[in-house]
Amino acid sequence: MIDGLARDEVRVLKSYPETALPCRIKMDANENEWGLPQQVKEALIKDVLDFPFHRYPDSDGAALKGKLEEYTGVPAKNLIIGNGSDELIRYVVDAFVSPGDKVVIPTPAFSMYRFFVDLAGGVVVEVEPEQGLRVDTQKVARTAKRENAKLVFLCSPNNPTGEVIRVEDIEMVIQKSPGIVVVDEAYYEFCGRTVIDRVNSYPNLVVLRTLSKAAALAGLRVGYLAAGDDIMNYLYRVKVPYNVGSFSQMAAMRVLENRRAMDQWLDTFRSVRDEFIEDLRRVEGVTVFPTGANFVLLGIDRAHRVWKGLLKRGILVRKFGQGPLENCLRVTVCPPRQNRAFLEGLKEVLGEVYT
Ligand SMILES: *Cc1c(COP(=O)(O)O)cnc(C)c1O
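Residues numbered from 1 in each chain as written. Predicted model: local features only at pLDDT ≥ 70, side-chain atom pairs only at ≥ 80, totals over all residues. Heavy atoms only, no water.

> Mind laying out the environment of Leu 235, listing which residues take part and the relevant values?
Relative to the helices and strands, Leu 235 resides in helix H9 (residues 229-238). Residues Leu 235 and Arg 90, 145 residues apart in the sequence, show an inter-C-alpha distance of 9.9 Å. The contacts of Leu 235, once residues within four sequence positions are left out, are Ile 80, Tyr 91, Val 92, Ala 95, Phe 96 and Leu 225. (Helix = DSSP H or I, 4+ residues; strand = E, 2+ residues; numbered from the N terminus. Contact = heavy atoms within 4.5 Å.)

> So what's going on with the side chain of Glu 189? Which residues, and what values?
Locating Glu 189 in the fold gives a position in the loop between strand S6 (180-184) and strand S7 (205-210). One buried charged side chain, Glu 189, makes no salt bridge at all; its nearest oppositely charged neighbour is Arg 209, positioned 4.8 Å away. Here the side chain of Glu 189 touches Tyr 71 through a polar contact of 2.6 Å, side chain to side chain. Setting aside residues no more than four positions away along its own chain, Glu 189 makes contact with Tyr 71, Ala 214, Met 262, Leu 266 and Arg 270. (Buried < 20%, exposed > 50% of the residue type's maximum accessible area, 1.4 Å probe, protein only. Lys, Arg positive; Asp, Glu negative; His and termini not counted. Salt bridge = Lys/Arg side-chain N within 4 Å of Asp/Glu carboxyl O. Polar contact = N/O pair within 3.5 Å; in protein donor to acceptor, adjacent residues only side chain to side chain.)

> Could you give me a rundown of the pairing of strand S8 (residues 223-227), with the residues and numbers involved?
Counting buried positions along S8 gives five out of five residues, so the element sits mostly inside the fold. As defined by bridge partners, S7 adjoins S8 across five bridges and the pair is classed as antiparallel. Counterpart to Val 206 in the pairing with S8 is Ala 227. (Pairing = 2+ DSSP bridges.)

> Any chance you could break down the sheet that holds strand S12 (residues 328-332) for me, citing the residues and the numbers?
The sheet built from five strands is open, its strands ordered S1-S11-S12-S10-S9 with mixed pairing. Looking at the sheet topology across the chains shown, the edges are occupied by strand S1 (25-27) and strand S9 (286-288). Neighbour-to-neighbour, the strand axes of the sheet open up by a mean angle of 35°, direction not taken into account. Both strand S10 (residues 295-300) and S12 contribute to a ladder of five bridges, which runs antiparallel. Pairing of Val 296 across the sheet is with Val 331, part of S12. Each of S10, strand S11 (315-319) and S12 touches helix H12 (residues 303-312); the most contacted strand, S11, lies at about 155° to it. (Axes fitted to C-alpha atoms, helices over the stretch in contact; angles between N-to-C directions.)

No statement about biological role is implied by the geometric values presented.
In structure tokens, the structure reads:
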């Protein structure tokens, strides 16, 4: 009886796979394995004692948006905070996608875009990548026009490839699209390139950011979105009240107040990443995709067997199902000790798998 009651869009969905595999070294989810800076933790310890845990949060996040205005240069009125940027993807889809509407997604892509579009009954139009799994922005723009797409999703640096899409190419897609273009900048801090300063120039631009990656707050679920006044007006109609917890908002503020700590860490991070990539390039049988993010995509024959061999050694990386990425693994850049353990594990596993 219940099957007959479920919405058609929901009956065909599968539940998101539980990926909490036990491991010693976690390199599968692009988390910041360095963790929060010590200063931020100490500030939060002081905050806890007098914290109004019994009160509902400020629904609009005015204080946090003030800090985000300083951080991004975008006026607070053009920002909205979310329970992770995943929730904000949902707001955009809820506000603009009716059943049957077309949504253009270049592949390979972050899975949440399709998830929310499917849930809303929208129709995903995929755009295949160019050589090297790079996003074909010309084709994305042509497809958006041809399909009269309500939405286009771009992600830069792109997850899972690591590609940084050129700002000119992103702007070209924004200019040629008949609908809204969402630019997901979850990994912005690792490359420094952004279009967030254009949200008041292009009325059809949405930029997504998160504190889950560089800011090391994945557990507290804080994301934000920037857009012009007209889009914002509609997003606020679908926004759930009190969507971001008060302590999450406080932690996000402390991170932004200690921005120097994050900037210093990013300097360290970039040199660790460069060294890791250099080491990876020296491993025979592995193709290293260029990355502007905190992960690196590796092309490896028999990737699923390699994945298993790594897991047996306690090292968890991201594998992919059938398709263009079936012979790829995505590996989060971690502190040097873990990266070295990965390199050693990988060489051992490759020896086993290829003999
Ligand atoms: C990690 C990630 C996010 C962030 O999700 P949150 O819900 O903010 O944790 C968004 N987009 C992409 C492409 C990501 O990889």
